[in-house]
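Listed below are the residues making up each chain.
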Amino acid sequence: MACCLMCRKDIEQTIEGEEAPGGNKVKAFSYSELRKATHDFSGANKVGEGGFGSVFRGRLKDGTIVAVKVLSAHSKQGIREFFTELTAISDIVHENLITLVGCCAEGPHRILVYNYLENNSLAHTLLGDILFCPMCPLLII
Ligand SMILES: Nc1ncnc2c1ncn2[C@@H]1O[C@H](COP(=O)(O)OP(=O)(O)OP(=O)(O)O)[C@@H](O)[C@H]1O
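Residues numbered from 1 in each chain as written. Predicted model: local features only at pLDDT ≥ 70, side-chain atom pairs only at ≥ 80, totals over all residues.

### Remarks on unusual backbone geometry
Argument step 1. One non-glycine residue, aspartate 40, adopts positive backbone phi at about 60°.
Argument step 2. Tracing the backbone shows aspartate 40 in the loop between α2 (31-37) and β2 (46-49).
Argument step 3. Even without being a glycine, phenylalanine 41 presents a positive backbone phi close to 55°.
Argument step 4. Residue placement: phenylalanine 41 occurs in the loop between α2 and β2. (Helix = DSSP H or I, 4+ residues; strand = E, 2+ residues; numbered from the N terminus.)

### Quick look at the site of the ligand
Argument step 1. The full set close to the ligand counts 13 residues, and Gly48, Gly50, Gly51, Val55 and Ala67 are the nearest of them.
Argument step 2. For the shell around the ligand, the elements supplying multiple residues, two or more each, are β2 and β4 (65-71).
Argument step 3. Here the shell around the ligand gets three residues from one element, more than from any other, and that element is β2.
Argument step 4. Looking at the shell around the ligand, its residues break down into eight nonpolar, three polar and two charged. (Near = placed C-beta within 6 Å. Nonpolar A, V, L, I, M, F, W, Y, C, P; charged D, E, K, R; others polar.)

Structural data, given as structure tokens:
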């Protein structure tokens, strides 16, 4: 049984119990489920790249649109960072932050699944319908 390097809990216990180390419910996805959701992690669904690895837009079976963050084999971040991110974010629920929907730790795969944030939706969430002056950087209030 594999062991989480960070909290020393068995990965199976964490994942199969569908509970992240922080205590919030986090769904355990199978690799094939996420493969289907992202059309085999197709380039067309790739929305970004971070230090962790590639991020794909995916549609789950129930129609939910998610962001699928795949830990790259070449990533400088490893299993410890995977569980650090899992632990840190699973405890936080805030309207201005993305929510961790679930994760996958099947075989060599380490994947985090978040709710999908459309382009500009963060700006819209933070600023609402504030208008910008077309002539200068000032806000029109
Ligand atoms: N929940 C999301 N919804 C939509 N797009 C996302 C989401 N999460 C990440 N992305 C896209 O993927 C890119 C990479 O995100 P990621 O969180 O992996 O790295 P980062 O925040 O840019 O940097 P770091 O690796 O330092 O955390 C983002 O810039 C964004 O374009």
